[in-house]
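Coordinate analysis (summary)
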Amino acid sequence: MLELRAVTAGYDRRAPVFRDAHLTVAPGEAVGLLGPSGCGKSTLARVAALLHRPDAGEVVLDGMPVRGFRHRAPREQRTTIGVVFQQPRLAADPRLRLTDLIAEPLRATGRRASAADRVAELADTVGLTPDLLGRRPHEVSDGQLQRACLARALALKPRWLVCDEMTAMLDASTTAALVRVVEDYRASTGAGLLSVGHDRTLLTRWCDRTVPWEAVAAG
Amino acid sequence: MTLVPLLSVRDLSVRFLLPGGRRVDVVSDASFDVAPGECLALIGESGCGKSVLASALLGLLPANARTAGHAHLGDLDLLTADERTLARAVRGRRIGLVPQSPAAHLTPVRTIRSHIEETVARLTGVRGRAARRKAAEQASLRAEFPLGHLDRHPHELSGGLAQRAATALALVGDAPLLLADEPTTGLDRDLVDRTVDELRRHVDDGHALLMITHDLAAAERIADRVAVMYAGRIVELADADAFFGSPGPRHPYSRGLLEALPERSFTPVPGLPPELGNLPAGCAFAPRCDRATDACAALPPFENTVACHHPVPADTSHAIRTPEDTRA
Amino acid sequence: MTTDVDTDRKPAWRAHGTARRSTHVLRLRVSCALVAVTVLAVLLVPPLVQLDQQAVDLAAKLQPPGWAHPFGTDDVGRDLLLRCVYGLRVSLLVGVVAALTATVIGTAVGAAAGALGGRADRLVMRLVDTLSSVPHLLLGIFIVAMFRPGVWPVVISVALTHWLSTARIVRAEVLSLRSRPFVDAAVSGGASRWRVTVRHLLPGVLPQAGLAAVLMVPHAMWHESALSFLGLGLPTHTASLGTLIQGARGSLLAGQWWPTLFPGLFLILPTLAIAGLAGAWRERINPRRRSELML
């Protein structure tokens, strides 16, 4: 289970972005969190991905309360959650070639030896051709870059995926393609998904259940 | 459309010259018209050349770009006009730009009010502090920007409000042609609908609107006509009702794009678009197309509403290959 | 407007927006040429020209520029051109070594402060603020005063007073990079604090730090000259641009302008050239510059 219990978070203690959020994702379950832009759902996604320390409340991962966030979270805990962000341009280190971008989590966790094979496999999964892998982010389109970012998120075979508006910048065909990649991955691994977004049609089609923002947190 | 077009684009091509003599054909032979009171939606995936087309119309291409063809706005050819004319008489006055990322479009250190008042002062004859203030507030209201937020800085606004602030700026000069470059990116559905309806109101007031978007739902809501761009070419140009309703798109790519929508079959078009720097000689969509044949090795001419050797017929169910298809 | 040949179709291609580039290119070329001449001069002249810069010829003292001595001679008859080249060599050496040292210190401190954040960041930056509030030259004088005159005390003095601005620049860059989603993605991918800093943050700030380093070279040269001019830098018999100008003070009052003018020019021209190069570099690394493809 990935659980958020009474989480209050923000960037200024006096004015939290949201208060008292409760959300549960069961293993293998796909939950869509539907909210308007600017409501704080991206912050919630960062808390769920252990990237932002909440001001109050706790995140419980497989029954274990999370003690630290960001670097203070144990590496094993951090890497069980894969994250995909809204804007691939900002989510990709501009200096890295796509192949290094995808291999980055493998190298960071000491899987350097198997990286090349795994990158080829992942690139194939997300539909990136080998010639694209040698390019840098500014040489590919948003859609291609987001494919690479999804491949990076899947590199360590996470048991949870957090997608923060993953498809907001993408056209219909790339959206459908990336959702299919996520769903194929979940079907084969039984990973749980928290997909945050504002597109009701998309999330209802994609997820097992969709919860509106108002039911999760108080602004 | 029988209306006299306001913007008339003919054979517009944009090519970038890269170091090492490489050429990238970003836009090839685009031709379309936009009339007053009409909205043309230019749709296609990211990197297909639609934003470059908008930059070409505004004269905002980088120095390594080359253009060919014409883009007449009234009697002025936007592609040959000099920077002075574009800066003083075109941008803001004859073409209003609703930008792609409003947050980057606004100066971070100044309030929305000062943005709008400055634009009012530059583009309209309004004199005096009070009058300018009033004009700025009217402009904000037209774009549904809440007056209570006028004294905020861009970073204090949500994405939706920043978008409306940018729209308000575009409307100040009362330009006959509005050019919206992905105006709904990152907005939630309600806000997309409201932004789009707002833009539609300006179209109904007699503005011409060229909206560049990858959001098919937004296009369906606002457009009179739809142009589909693939790999730098316009592959289909159709009435929006026919395109989104019945009989539906005729180009296999447009059809695939619509089918990818979550409310339809949610299946992607297989494969990736080709590289603009390495386009095939024939139909660029052929490698991804289930209707492709040998005929597709030649570039399909744009006929009627579509550039395809095997368009999905408007009435009959199957296209029959004729010898004419194989001519160059 | 240019038209290039196209194979099978008629389009007449038009160029756009080329007006601004030519002056940029010219500035860059002049700067490159000047820097190249300077570097070649200080590298090649001393080994190639077998002349003694210290050769005293009292019979030819204070001669104005002429064929025998293009820059004239000083008050003990030494050839000023040769003295200037040797002086530039010392000044440039001091400048480059000091700038590099200062950049390494500044980058390390700035990156550490930015990457650690919190209390460590506040502590370090207060220290930087405190040191910055003391005038550079005063601090520099204080440092050289602790050693015997020589090249190394000057290098240390310049380096220890100039890393502060680099530390500020690097810290600000690191802070802005740290909040980008790609750093979030790296953290989520299991990267340690060290790895995030070394692999994602530092490479992102190195162009800025490099730019600061280049701009610091003339700064350091001027600082050295100022110390030497005050008699606190290099010993007076070592030719550096500062000692040359200092030595020429007497003759300037007597109306002999050349012993002051030429070392002065040797200080100013490389400074302008380096600034020109740095300007071109800044343009290249500008993060706001859009990709050529506008994707």
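The model shown is predicted, which means the values in this text are computed figures rather than measured ones.

**So, a positive patch on the surface**
On the surface, Arg-13, Arg-53 and Arg-72 of chain A together with Arg-178 and Arg-193 of chain C cluster together into a patch of positive charge. Classification of Arg-53 of chain A by relative accessible area gives exposed; the value is 53%.

**What to know about the sheet that holds strand E1 (residues 2-9) of chain A**
Residues and elements named next belong to chain A. Strand order in the open sheet made by the 4 strands is E2-E1-E4-E5, with antiparallel pairing throughout. Across the chains shown, the open sheet's two edge strands, defined by having one partner strand only, are strand E2 (18-25) and strand E5 (64-65). Pairing geometry for strand E4 (residues 56-61) and E5, over 2 bridges, is antiparallel. For Leu-61, the partnering residue across the bridge sits in E5 and is Met-64. Packing of helix H1 (residues 41-48) onto the sheet brings it into contact with E1, E2 and E4, and relative to E1 it is tilted by some 125 degrees.

**A look at the UniProt feature "domain: ABC transporter" (unreviewed entry) in chain A**
Taking the UniProt record as the reference, the feature "domain: ABC transporter" (unreviewed entry) is found at residues 2-218 of chain A. Overall, residues 2-218 of chain A shows 41% helix and 22% strand. The separation of its end C-alpha atoms is 20 Å.

**Description of the sheet that holds strand E9 (residues 209-212) of chain A**
Residues and elements named next belong to chain A. What the 5 strands build is an open sheet, ordered E6-E7-E8-E3-E9; its pairing is parallel. The sheet is open, and its two borders are formed by strand E6 (81-84) and E9, each paired with just one other strand. The mean inter-strand angle of the sheet, taken between neighbouring strand axes irrespective of direction, is 15 degrees. Strands in contact with H1 are strand E3 (30-34), E6, strand E7 (160-164) and strand E8 (192-197); relative to E8, the strand with the most contacts, it is inclined by about 160 degrees. Each of E3, E7 and E8 is contacted by helix H8 (residues 172-189), which is oriented at about 155 degrees to E8, the strand it contacts most.

**Side note on the side chain of Ser-13 of chain B**
Looking at the element boundaries, Ser-13 of chain B is found in strand E1 (residues 7-18). Taking the relative accessible area as the measure of exposure, Ser-13 of chain B reaches 3% and is therefore buried. Apart from the residues lying within four places of it in its own chain, the contact partners of Ser-13 of chain B are Val-27, Ser-28, Asp-29, Arg-66, Thr-67 and Ala-68 of chain B together with Trp-13 of chain C.

**As for the interface of chain C and chain A**
Each partner contributes residues to the interface: chain C has 22 residues there, and chain A has 30 residues. Summed over both partners, the interface of chain C with chain A buries about 2100 Å², with 54% contributed by carbon and sulfur atoms. Considering only the surface of chain C that becomes buried against chain A, Asp-184, Val-187 and Ser-188 of chain C emerge as the three largest contributors, covering 24% of it. Summed over the shared surface of chain C and chain A, the number is 4 salt bridges. For Arg-46 of chain A, the salt bridge goes to Asp-184 of chain C, with nearest N and O atoms at 2.8 Å. Counting across the chain C and chain A interface gives 13 residue pairs in polar contact (both at pLDDT 80 or more). Counting only elements with at least two residues in the side of chain C that touches chain A, the list comes to helix H6 (181-188) and helix H7 (193-229) of chain C.

**What about helix H5 (residues 129-142) of chain B?**
All names here are of chain B. The terminal C-alpha atoms of H5 lie 20 Å apart, and with 14 residues this matches the ideal 20 Å at 1.5 Å per residue to within 8%. Taken together, the buried positions of H5 are occupied by Ala-135, Ala-136, Ala-139 and Ser-140. Considered in projection along H5, the buried side chains sweep an arc of 140 degrees and stay on one side of the axis. In H5, the exposed positions angled more than 90 degrees off the buried face are occupied by Ala-130, Lys-134 and Leu-141. Note on H5: the residue one or two positions beyond its end, Glu-144, has a positive phi of about 60 degrees.

**Description of the packing of helix H4 (residues 136-144) of chain C against H7 of chain C**
Residues and elements named next belong to chain C. Interaxial distance between H4 and H7 falls to 11 Å at its minimum, and their mutual angle equals 60 degrees. With respect to their mutual orientation, H4 and H7 come out oblique. Of the two possible hands of crossing, H4 and H7 adopt the one that is right-handed. Touching His-136, Leu-137, Gly-140, Ile-141 and Val-144 of H4 are His-223, Ala-226 and Leu-227, all from H7. The class makeup of the residues in the contact of H4 with H7 is 5 nonpolar, 3 polar and no charged.

What counts, and where the lines are drawn
- Residues numbered from 1 in each chain as written.
- Chains lettered and ligands numbered in written order.
- Predicted model: local features only at pLDDT ≥ 70, side-chain atom pairs only at ≥ 80, totals over all residues.
- Heavy atoms only, no water.
- Patch = residues over 30% accessible without salt bridge, like charges linked within 9 Å, V, L, I, M, F, W, Y side chains within 5 Å.
- Areas by Shrake-Rupley, 256 points an atom, 1.4 Å probe, with all protein chains shown as cover.
- Salt bridge = Lys/Arg side-chain N within 4 Å of Asp/Glu carboxyl O.
- Lys, Arg positive; Asp, Glu negative; His and termini not counted.
- Charge placed at Lys NZ, Arg CZ, Asp CG, Glu CD.
- Buried < 20%, exposed > 50% of the residue type's maximum accessible area, 1.4 Å probe, protein only.
- Pairing = 2+ DSSP bridges.
- Helix = DSSP H or I, 4+ residues; strand = E, 2+ residues; numbered from the N terminus.
- Contact = heavy atoms within 4.5 Å.
- Axes fitted to C-alpha atoms, helices over the stretch in contact; angles between N-to-C directions.
- UniProt positions renumbered as here; feature names shortened; annotations may be inferred.
- Buried area = accessible area lost by both parts, 1.4 Å probe.
- Polar contact = N/O pair within 3.5 Å; in protein donor to acceptor, adjacent residues only side chain to side chain.
- Expected span 1.5 Å × (residues − 1).
- Arc of directions from axis to C-beta.
- Parallel < 35°, antiparallel > 145°, perpendicular 65-115°, else oblique.
- Left-handed = near helix turned anticlockwise from the far one by under 90°.
- Nonpolar A, V, L, I, M, F, W, Y, C, P; charged D, E, K, R; others polar.

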